[in-house]
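Coordinate analysis (summary)
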Amino acid sequence: MKKNVISTVFALVVLIAIGVACGGSSAECTGKVTYQGKTFEGKDKTAEKAKLNACNNYCRDADPQFDAMYRIWLDSPKGKAAGSPSKQESIFKDADLMKFVTETCANKCAASMDPEASCK
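Residues numbered from 1 in each chain as written. Predicted model: local features only at pLDDT ≥ 70, side-chain atom pairs only at ≥ 80, totals over all residues. Heavy atoms only, no water.

1. Topic: the overall build of the protein chain
Counting its regular elements, the protein chain contains six helices and three strands. Starting at the N terminus and walking to the C terminus, you meet the elements of the protein chain as α-β-β-α-α-α-α-α-β. A fraction of 44% describes how many contacts in the protein chain between residues 6 or more apart in sequence connect residues 24 or more apart. (Helix = DSSP H or I, 4+ residues; strand = E, 2+ residues; numbered from the N terminus. Contact = heavy atoms within 4.5 Å.)

2. Quick look at the sheet that holds strand E1 (residues 29–35)
Strand order in the open sheet made by the three strands is E2-E1-E3, with antiparallel pairing throughout. This sheet does not close on itself; its edge strands, each paired only once, are strand E2 (38–44) and strand E3 (116–119). Averaged over all pairs of adjacent strands, the angle between strand axes in this sheet comes to 25 degrees, irrespective of strand direction. Both E1 and E2 contribute to a ladder of seven bridges, which runs antiparallel. When the sheet's bridge partners are listed, Val33 is paired in E2 with Phe40. Contacts between helix H2 (residues 47–62) and the sheet are confined to E1, E2 and E3, with E2 contributing the most and set at about 135 degrees to the helix. (Pairing = 2+ DSSP bridges. Axes fitted to C-alpha atoms, helices over the stretch in contact; angles between N-to-C directions.)

3. Describing the pairing of E1
Within a regular strand, side chains alternate between the sheet's two faces. In this antiparallel pair of consecutive strands, E1 and E2, the connection spans two residues, and Gln36 shows a positive phi of 50 degrees. Relative to E3, E1 runs antiparallel, the two being bridged by four bridges. Note that in E3 the partner of Gly31 across the bridge is Ala117.

4. Let's talk about the state of the cysteines
A complete count under the given rule lists three disulfides for this structure. The partner cysteine of Cys29 in its disulfide is Cys119, sulfur to sulfur 1.9 Å. Its S-S torsion of about 105 degrees marks the bond between Cys29 and Cys119 as right-handed, since a negative value means left-handed. Linking Cys29 in strand E1 with Cys119 in strand E3, this pair joins segments that are 90 residues apart in sequence. Under the relative-accessibility criterion, Cys29 is labelled buried at 2%. (Disulfide = S-S within 2.5 Å. Buried < 20%, exposed > 50% of the residue type's maximum accessible area, 1.4 Å probe, protein only.)

5. Some points on the packing of helix H3 (residues 64–75) against helix H6 (residues 95–112)
Here H3 crosses H6 at 170 degrees, and the two axes come no closer than 11 Å. Viewed along their axes, H3 and H6 adopt a mutual orientation that is roughly antiparallel. Taking contact as the criterion, the partners of Gln65, Phe66, Met69, Tyr70 and Trp73 in H3 are, on H6, Leu97, Phe100, Val101 and Lys108. Looking at the contact of H3 with H6, its residues break down into seven nonpolar, one polar and one charged. (Parallel < 35°, antiparallel > 145°, perpendicular 65-115°, else oblique. Nonpolar A, V, L, I, M, F, W, Y, C, P; charged D, E, K, R; others polar.)

6. So, the confidence of the model for the protein chain
The pLDDT averaged across the protein chain works out to 83; a share of 78% of its residues lies at or above 70. Mean pLDDT across the secondary structure elements of the protein chain bottoms out at helix H1 (residues 2–24), with 41, and peaks at H3, with 97. (pLDDT = per-residue confidence, 0-100.)

7. Observations concerning the pattern of salt bridges
If you walk through the whole model with that rule in mind, you get seven salt bridges. Among the salt bridges present, the one from Glu48 reaches Lys51, with a minimum N-O distance of 3.5 Å. On the criterion of helical spacing, the pair formed by Glu48 and Lys51 is a turn pair, its members being three residues apart in helix H2. As a salt-bridge pair, Asp67 and Lys87 come within 3.2 Å of each other at their nearest N and O atoms. With Asp67 in helix H3 and Lys87 in helix H5 (residues 87–93), this pair connects stretches of sequence that are 20 residues apart. (Salt bridge = Lys/Arg side-chain N within 4 Å of Asp/Glu carboxyl O.)

What follows is the structure, encoded as structure tokens:
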């Protein structure tokens, strides 16, 4: 009986290991967009979303229009009330900045800057 229990446990461990190896991990895609020699990356399960995430990072860190919006917001009462956060943190403090980065700028980037993606 002890031998049967050990065999059953071993079989379950093998089956779980096979399941994790074959289907338990999802493909991960990396998106990239380059601006003025600097590459911005984003990751996701799909290539399209990885490209948009790369564009989000470009928008937040290097887009001139977002930079101008951020600086204006930073000097505004809303920016001062938020504690004058960094560009990266500001999008979590202000819905308009978040919307600009994730919708307006990211969609424009995806359409005009030719981001690329590769999936594993």
